[in-house]
Structures are given as C-alpha cells and as structure tokens.
Amino acid sequence: EDIKGGLKEPHVVGLEVQEMSRDLQKELKCLWSDSVNMNQAHTTELRKKEELITQLKQDSEIVHQYQLKIQEVNKHMENIKNQEKRKEEELLQVNLDLSGKKE
C-alpha cells in the first residue's frame, strides 16, 4: 500500500489516524471514568470522616455534661455528709448535756 518513495496512500493514513483516534478516545474514557470513581471514593471517605468528627464532638459534649452532673452529685453528697456530721455532733452534744443533767 505504499506509494513509490515509501509514502502511504492518503486513505491508508486516514484509516490509521481514525484507528489511533478511537484508541485514544477509549483510553481517555477509561481515564475519565477512573478519575470520576477516585473522586467519588475520596468524597465518600471525606464525608465519612466529617460524620465521625461530628459524632466525636457530640460524644465529647455528652461526656462533658455527664462530668458536670457528676460534679454536681458529688457536691450534693458532700453537703449531705457534712449535714450528717453536724447532726451527729449535735446528738452527741445533746447526749452529753442530758448525761450532765442526770448527775
């Protein structure tokens, strides 16, 4: 199919160019598809990480609220212990007063 002098006929060159063009288009489609898939996977991964961060922030706030509640309960328990101690001291004093009056 070569013309004298080693040049190919125009229709042969045209067919080869069309074939190369089809091959390049297929390759571009594959690359584009791969790129889109990678982008979607990355976006999904980012979304999951953002959801985890949001959940961790919410969990952290819940833990903080529990800590505050525990502190409140501990203060209340300390107050109760102090009241009981005062009442015991008052009872002891009353007992001492009563035993002193008997004598």
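Computed from a prediction, not measured in an experiment: that's the story for all the values here.

Parameters and conventions
Residues numbered from 1 in each chain as written. Predicted model: local features only at pLDDT ≥ 70, side-chain atom pairs only at ≥ 80, totals over all residues. Heavy atoms only, no water. Helix = DSSP H or I, 4+ residues; strand = E, 2+ residues; numbered from the N terminus. Rg over C-alpha atoms; globule rule 2.2 N^0.38 Å. Buried < 20%, exposed > 50% of the residue type's maximum accessible area, 1.4 Å probe, protein only. Areas by Shrake-Rupley, 256 points an atom, 1.4 Å probe, with all protein chains shown as cover. Lys, Arg positive; Asp, Glu negative; His and termini not counted. Charge placed at Lys NZ, Arg CZ, Asp CG, Glu CD. Patch = residues over 30% accessible without salt bridge, like charges linked within 9 Å, V, L, I, M, F, W, Y side chains within 5 Å. Salt bridge = Lys/Arg side-chain N within 4 Å of Asp/Glu carboxyl O.

Undergrad: Even after reading the chapter, I still don't get the overall build of the chain, so can you show me in this structure?
TA: Of regular secondary structure, the chain possesses 1 helix and 0 strands. For the chain, whose C-alpha radius of gyration is 44 Å, the value lies well above the compact-globule estimate of 13 Å for 103 residues. Its C-alpha atoms give the chain principal-axis dimensions of roughly 145 × 15 × 10 Å. Across the 103 residues of the chain, 1% fall into the buried class. Roughly 10100 Å² of accessible area belongs to the chain as shown, and the carbon and sulfur atoms make up 58% of that amount. Averaging the positions of the 17 positive and the 21 negative side-chain charges in the chain gives two centres separated by 6 Å.

Undergrad: Teacher, can you tell me more about a nonpolar patch on the surface here?
TA: A contiguous nonpolar surface patch, about 260 Å² in accessible area, is contributed by Val13, Val17 and Met20. Examined against the element boundaries, valine 13 turns out to sit in helix H1 (residues 10–102).

Undergrad: Explain the environment of valine 36 here, please?
TA: Among the structural elements, valine 36 can be located in helix H1. Linking valine 36 and lysine 81, residues 45 residues apart in sequence, is a C-alpha distance of 67 Å.

Undergrad: It is not clear to me how the pattern of salt bridges should be interpreted in this structure. Could you clarify?
TA: Pairing is possible between side chains that carry opposite charge, provided their charged atoms lie close to one another. Evaluated as defined, the whole model comprises 2 salt bridges. For the salt bridge of lysine 49 with glutamate 45, the shortest nitrogen-to-oxygen distance reads 3.4 Å. Separated by 4 residues within a single helix, lysine 49 and glutamate 45 lie in helix H1, roughly one turn from each other. Of the charged contacts in the structure, one is a salt bridge between lysine 69 and glutamate 72, with a shortest N-O distance of 3.7 Å. Here lysine 69 pairs with glutamate 72, and both are found in helix H1, just 3 residues apart, close to one helical turn.

Undergrad: Got a minute to help me understand the environment of glutamate 90 in this structure?
TA: Positionally, glutamate 90 belongs in helix H1. Taking the relative accessible area as the measure of exposure, glutamate 90 reaches 52% and is therefore exposed.

Undergrad: Would you mind going over a negative patch on the surface with me for this structure?
TA: Where like charges cluster on the molecular surface, the negative patch consists of Glu84, Glu88, Glu89 and Glu90. Following the sequence through the fold, glutamate 84 ends up in helix H1. A relative accessible area of 47% places glutamate 84 in the partly exposed class.

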